[in-house]
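Architecture and fold: a report
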Amino acid sequence: MNAPTLAQALQHAAQRGLARIDAQLLLLHCVGRPDAGRAWLLAHDDDILSPAQAALWEQLLARRLNGEPVAYLTGRKEFFGLPLQVDARVLDPRPDTETLVEWALEVLQPLSAPQVADLGTGSGAIALAIQHQRPDAQVTAVDYSQDALAVARANAAQLKLPVRVLHSSWLEQVEGRFDAIVTNPPYIREDDPHMPALQHEPRQALTSGADGLDDIRAICAQAPAHLVPGGWLLIEHGWDQSEAVQQLLKTAGFTLVHSRQDLAGIARCTGGQIPCAPGDGQTVK
Ligand SMILES: C[S@@+](CC[C@H](N)C(=O)[O-])C[C@H]1O[C@@H](n2cnc3c(N)ncnc32)[C@H](O)[C@@H]1O
């Protein structure tokens with residue numbers, strides 16, 4: 001077959017069942033215009049792919065149809081307005097996680113030069129978004145995976161953001177106390193039926209024991225000793241875990257424990273505050 005026009009390439013992808021937005025992002029990548037938008041594609045729909053571009057397009061189309069995230073195929077993902085480098089060493093950052101960043105920015109808002117930790121940083125998405133919004137903050141990005149830390153370091157360098165990158169299992173090798181600890185840890189049950197659909201992402205970024213809560217349990221237990229009085233722990237979790245996470249936070253001594261909804265209106269983040277002084281405890285319903 002002759003090399004297709006851009007319009008023909010998109011039509012072909014739709015016939016094979018690829019979502020239009022995915023096809024557009026992959027095609028922009030193939031023609032070397034990753035920053036151009038859909039309007040550019042429309043304006044150039046008669047352009048013909050070069051043989052090399054057509055070969056790359058066919059290859060990426062097949063990989064996407066096999067379930068690889070678009071971000072791994074293009075090597076980039078926008079998160080909180082920041083262009084991140086992303087590959088199979090890290091979780092593909094999800095838009096829902098921006099809810100957690102917004103919450104963190106709110107609790108940090110009254111503080112100057114706050115200390116912040118992002119546990120399980122992966123690509124560095126959360127840490128870098130907070131550092132970008134709060135240049136006065138000292139942000140520490142922690143991960144157990146050296147592969148993930150290499151990606152986070154590369155993103156920090158590329159974006160010129162002074163995030164401190166640290167190797168640790170949760171807070172075990174971390175010193176000091178923070179005004180906020182923010183985390184999107186693994187929280188999927190080992191036997192979750194959706195795991196095959198996530199086969200291209202690192203397993204250590206996804207699953208956490210029989211009920212998906214092993215890592216959240218560890219973080220809730222470790223965090224109080226690493227927070228200043230009045231400091232917050234904010235956690236992203238699964239769609240059906242908000243009650244369990246609220247209970248874990250209360251058991252660990254947190255107050256003002258409550259959950260927030262993601263972009264789909266599901267309670268997907270839960271947080272609590274270390275009391276400022278003994279007896280300060282309150283609960284938000
Ligand atoms: C769900 S991913 C989140 C990545 C990133 N924060 C995001 O939101 O896109 C969870 C991350 O936790 C890391 N992780 C898993 N176990 C860990 C542990 N014991 N200590 C620190 N990080 C861990 C994984 O390597 C992975 O990068």
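Along every chain, residues carry numbers that run from 1 in the direction the sequence is written. In keeping with the model being predicted, local features are shown solely for residues with a pLDDT of at least 70 and side-chain atom pairs are shown and tallied solely at 80 or more, while totals for entire chains, interfaces and linings include all residues. As a rule here, side-chain values come from all non-hydrogen atoms in the structure, and water together with hydrogens is ignored.

Looking at an unreviewed UniProt entry, the protein carries the name Release factor glutamine methyltransferase, with the source organism given as Comamonas terrigena. UniProt positions are given in the numbering used here, feature names are shortened, and annotations may be inferred rather than shown by experiment. Turning to the protein, the UniProt annotation filed under Function (unreviewed entry) states: "Methylates the class 1 translation termination release factors RF1/PrfA and RF2/PrfB on the glutamine residue of the universally conserved GGQ motif."

1. Considerations on the site of the ligand
We define proximity as follows: a residue is near a molecule or strand when any one of its heavy atoms falls within 4 Å of that partner. Close contacts around the ligand come from 18 residues, with Gly120, Asp143, Trp170, Asn184 and Ala205 the closest. Gly120 has a polar backbone atom sitting 2.8 Å from a nitrogen atom of the ligand. Between the ligand and the protein, one listed contact pairs a nitrogen atom with a backbone N or O atom of Tyr144 at 3.2 Å. Protein chains shield 94% of the accessible area of the ligand, which is 600 Å² for the free molecule. Its residues assigned to classes, the shell around the ligand comprises eight nonpolar, nine polar and one charged. Within 3.5 Å is the distance limit for a polar contact, defined as a pair of N or O atoms, with the added protein rule that one can donate a hydrogen and the other accept it, and that residues adjacent in sequence qualify only through two side-chain atoms. To measure how exposed things are, a 1.4 Å probe is used in the Shrake-Rupley method; for residues, cover is taken only from the protein chains shown. Under the scheme applied, nonpolar residues are Ala, Val, Leu, Ile, Met, Phe, Trp, Tyr, Cys and Pro; charged residues are Asp, Glu, Lys and Arg; polar residues are all the others, including Gly.

2. Thoughts on the UniProt feature "binding site: S-adenosyl-L-methionine" (unreviewed entry) in the protein
In this numbering, the UniProt entry assigns the feature "binding site: S-adenosyl-L-methionine" (unreviewed entry) to Gly120, Thr121, Gly122, Ser123, Gly124, Asp143, Trp170 and Asn184. Here, the largest pocket is lined by Gly120, Thr121, Gly122, Ser123, Asp143, Trp170 and Asn184 out of the annotated residues. For Gly122, a relative accessible area of 12% corresponds to the buried category. Pairs of residues are marked as contacts when any of their non-hydrogen atoms sit within 4.5 Å. Look past the residues within four positions of Gly122 in its chain and what remains in contact with it is Val90, Asp143, Ala148 and Ala152. Helix numbers and strand numbers start at the N terminus; a helix is a DSSP run of H or I with at least 4 residues, a strand a run of E with at least 2. Tracing the chain through its elements places Ser123 in the loop between strand S3 (115–119) and helix H7 (125–133). Those residues within four positions of Ser123 in sequence are excluded, and the remaining contacts are Leu84, Gln85, Val90, Pro93, Leu128, Val151, Ala152 and Asn155. Buried and open spaces are told apart on a 1 Å grid over the protein atoms alone, a cavity being a set of points where a 1.4 Å probe fits but cannot get out and a pocket being an open set with protein on both sides within 12 Å along at least five of seven lines. Residues with an atom within 4 Å of a point are the lining residues. Throughout this description, buried means an accessible area under 20% of the type-specific maximum (1.4 Å probe, protein chains only), exposed means over 50%, and partly exposed covers the range between.

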